[in-house]
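The primary structure of each chain is shown beneath.
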Amino acid sequence: MLNRPLARVLALCLALLPLACNTAPERTDTADPNADFDTFKEHFVETLWELDPTWASYVGRREYDSLLTLPTEAQRTREATAYAALRDSLGTFDPAALSVLNRMDLKMLRDFLTAQRWYRETLKAHTWNPAAYNVGGACARVLQGRYGTLPGRLRSLSNRLALVPTYYAAARENLETTTLPHLQLALVQSRGVLDGVLNQAMRDSVARADLPRAEKRRFNERLDSARAAVAAYVAYLEDVQQALDTASARDFRLGPEAFRRKFDLDLQSGFTADEVFARAKARKRYLHRHMDSITTQLWAKYVPDEAPPADSLQKIRRVIDAIAESHTTRGAFVTTIREQIPELTAFVDSADLLTQDPTKPLVVRETPLYMRGGGAGASVSAPGPYDQDGETFYNVTPLDGYDEAGAESYLREYNDYTLQILNVHEAIPGHYTQLVYANKAPSVVKSVLGNGAMIEGWAVYAELMMLEAGYRNSPEMWLMYDKWNLRVTTNAILDHLVHTTNLSEAEAMQLLVAEAFQERSEAEGKWRRAKLSQVQLSSYFTGFTEILALREALKKQQGDAFDLKAFHEQFLSYGSAPVPYIAEAMRE
Ligand code: ZN
Ligand code: ZN
């Protein structure tokens, strides 16, 4: 997982301000087309921030902290008008006159506008997804921010709170027929906004802050009104739930046509949804065969007193379960990860996989309390586009929150083998390394609209690349890698089947538990996520497959001249662009 102020999860891009937008001229005409395009990009992005102040403050533009993007019809109209104008301006640039990096940015901006239009006109999640309406994150981030002063942030928050009643009134106006999973999520999350964000702790912060009494009183009045608005939204959702059953609810499945379209728009892949699905099924068959042969080799070592079962999947699971017993302790969890990072750096150097930047060490830290939510985990936090000097952290959550059995189960999942694959994925040479390279080709477009399939695909590719180079080479390592890779592979299969067929929960459990060796609790979480999201679960496997396909094509084309290190460095040099756009530049 990569925590990064990237694109928004939901297409709620709605204006609050009239579109004055004097930040940059629409386009200038100097003798230098790249300079003109740079000016235009600036204008484009500033327009986005004015249209969507919640997004702007999320990426670090503090002057938008006091605003909230309101989901009203008027704002949707304003957004459509602004995007149409941007599309026209974009069309006046000749791609052939631009540098490789600017040409990619131009395509990414065009793709963004196409996607936004489809979200607004066709997907229309604002009419059926009640979980799209949530002010919790926007309010919590300002309160808990590590910038400015507390009184300053509370002033911004006070203004933001004043908009909350209008926000939820617009939400109720928008909603037509909702889906059951999104309704249930909205109920849980909206109650969470009341208990976890707009709560007594917020009032206590105000009481402690160095603010005039009148401002404190006004803050508390606005907080009361905001709470009342969220409570009314919860009551409204409870009424909807009473009246809704499986027959009257909207289907959470997108259906084949919308799924294929959303796949193209969200992932900007060179493959279609159907091609990725076919490749995922083929990959699953390959992984099963590979796991079966490793298991045959390891059986006597791990299960010495028994004959292997005839069923291949059962045989594989027995050996996986035995290997998972090699794991660190809950007390040493963070230390174990911290100690692995220099080892990964050294291996990447010795195997000559890519050049690393020693001036930018990754900081491993315990996940800050305000970021911990629901259990343990590891993630990379990178600074946003407006915080270039910020450090990059590898957040590791200690296992304090688990009981003995929970910690044991977690440690078996992140055993001595998979923990290393996790570190490769998150840190070196995965997400962290990719970010360091991306920052050398700075582009606010790629930083804000970075392609998820490329970013996740690189981290998944890095896992394979390390093992291919011989990192901790052993049959156990490969078996655990196969299980790990089977997870992203089945994510793509599940996503496709949930949204294009009537796949049942029992069939999903067969796929995830029996055929991908997942724990029941993990599989149930995945089934829930597949119902709530569309296409996102396919992004990992799609990017991985595209990068691998590109590498193999270039190998074939270049023969003995192919250089793996040069391939990695060139691939990463373009920043977080869609893989097909990178591939085009590399083939030139
Ligand atoms: Zn990731
Ligand atoms: Zn154990």
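Residues numbered from 1 in each chain as written. Chains lettered and ligands numbered in written order. Predicted model: local features only at pLDDT ≥ 70, side-chain atom pairs only at ≥ 80, totals over all residues. Heavy atoms only, no water.

(A) Region of interest: the overall build of the chain. Each helix and strand counted, the chain has 26 helices and four strands in total. Relative to the 2.2 N^0.38 estimate, which gives 25 Å for 588 residues, the radius of gyration of the chain is 25 Å and therefore close to what a compact globule would have. Along the first, second and third principal axes, the C-alpha atoms of the chain reach 75 × 60 × 50 Å. Expressed as a percentage of the 588 residues in the chain, the buried residues total 56%. Within the chain, contacts between residues at least 6 apart in sequence are counted, and of these 79% link residues at least 24 apart. With the model as given, the accessible surface of the chain reaches about 24800 Å², and the carbon-plus-sulfur share is 51%. When the 66 positive and 76 negative side-chain charges of the chain are each reduced to one mean point, those points stand 3 Å apart. (Helix = DSSP H or I, 4+ residues; strand = E, 2+ residues; numbered from the N terminus. Rg over C-alpha atoms; globule rule 2.2 N^0.38 Å. Buried < 20%, exposed > 50% of the residue type's maximum accessible area, 1.4 Å probe, protein only. Contact = heavy atoms within 4.5 Å. Areas by Shrake-Rupley, 256 points an atom, 1.4 Å probe, with all protein chains shown as cover. Lys, Arg positive; Asp, Glu negative; His and termini not counted. Charge placed at Lys NZ, Arg CZ, Asp CG, Glu CD.)

(B) Main features of the coordination of the zinc ion (ligand 2). Bound to the zinc ion (ligand 2) are the protein donor atoms Glu325 (OE), His327 (NE2), Glu408 (OE) and Glu408 (OE), situated 2.0 to 2.8 Å from the metal. Here the zinc ion (ligand 2) is ringed by four donor atoms whose angles at the metal span 52 to 166°, and the overall shape comes out irregular. (Donors = N, O, S within 2.8 Å, 3.2 Å for Na, K, Ca; no water. Tetrahedral: all angles 85-135°; square planar, octahedral: opposite > 155°, others 65-115°.)

(C) Local environment of the coordination of the zinc ion (ligand 1). Binding of the zinc ion (ligand 1) to the protein goes through His425 (NE2), His431 (NE2), Glu456 (OE) and Glu456 (OE), at separations of 2.1 to 2.8 Å. For the zinc ion (ligand 1), the four donor atoms in the first shell make angles of 51 to 154° at the metal, so the coordination geometry reads as irregular. Along the chain, the residues that donate to the zinc ion (ligand 1) are spaced as H-x5-H-x24-E. For the pair shown, histidine 425 and histidine 431 are each scored as buried.

(D) Main features of the nonpolar core. Trp49, Tyr394, Trp458, Leu494 and Phe571 are the most contacted members of the largest nonpolar core, which has 142 residues in total. By size, the runner-up hydrophobic cluster in this structure holds 43 residues, among which are Val135, Cys139, Leu143 and Leu187. (Core = buried A, V, L, I, M, F, W, Y, C linked by side-chain atoms within 4.5 Å.)

(E) Molecular detail of the environment of leucine 51. Position of leucine 51 relative to the elements: it lies in helix 1 (residues 33-51). On a C-alpha basis, the gap between leucine 51 and arginine 76 in space is 9.5 Å, while along the polypeptide they are 25 residues apart.

(F) Representation of helix 24 (residues 536-558). With 23 residues, helix 24 should reach 33 Å at 1.5 Å per residue; the first-to-last C-alpha distance of 34 Å fits that figure. Once helix 24 finishes, glycine 559 follows within two positions and takes phi at roughly 55°, a positive value. (Expected span 1.5 Å × (residues − 1).)

(G) Fine view of the pattern of salt bridges. Counted by the stated rule, this structure contains 31 salt bridges. As a salt-bridge pair, aspartate 266 and lysine 262 come within 2.8 Å of each other at their nearest N and O atoms. Linking aspartate 266 with lysine 262, this pair stays in helix 12 (residues 256-267), spanning four residues, or about one helical turn. Aspartate 266 gets classed as partly exposed once you look at its relative accessible area, which sits at 22%. (Salt bridge = Lys/Arg side-chain N within 4 Å of Asp/Glu carboxyl O.)

(H) Geometry of the packing of helix 13 (residues 273-302) against helix 24. It is at 10 Å that the axes of helix 13 and helix 24 come closest, and there the two elements cross at 85°. Our classification of the angle between helix 13 and helix 24 gives roughly perpendicular. Contacts from Val276, Arg279, Ala280 and Arg283 of helix 13 reach helix 24 at Phe541, Thr542, Phe544 and Thr545. Its residues placed into classes, the contact of helix 13 with helix 24 shows four nonpolar, two polar and two charged. (Axes fitted to C-alpha atoms, helices over the stretch in contact; angles between N-to-C directions. Parallel < 35°, antiparallel > 145°, perpendicular 65-115°, else oblique. Nonpolar A, V, L, I, M, F, W, Y, C, P; charged D, E, K, R; others polar.)

(I) Molecular detail of the confidence of the model for the chain. For the chain, per-residue confidence averages 92 on the pLDDT scale, and residues scoring 70 or more make up 94% of the total. For the stretch residues 4-24, pLDDT sits under 50, and the model shows 79 contacts to residues farther than four places along the chain or on other chains. (pLDDT = per-residue confidence, 0-100.)

(J) Spatial organisation of unusual backbone geometry. For the bond from isoleucine 428 to proline 429, the omega torsion is 0°, close enough to zero to count as cis. Here proline 429 shows up in the loop between helix 17 (418-426) and helix 18 (431-438). Its identity as a non-glycine residue notwithstanding, phenylalanine 517 has a phi of 60°, on the positive side. Take phenylalanine 517: it is sitting in the loop between helix 22 (505-514) and helix 23 (520-532).

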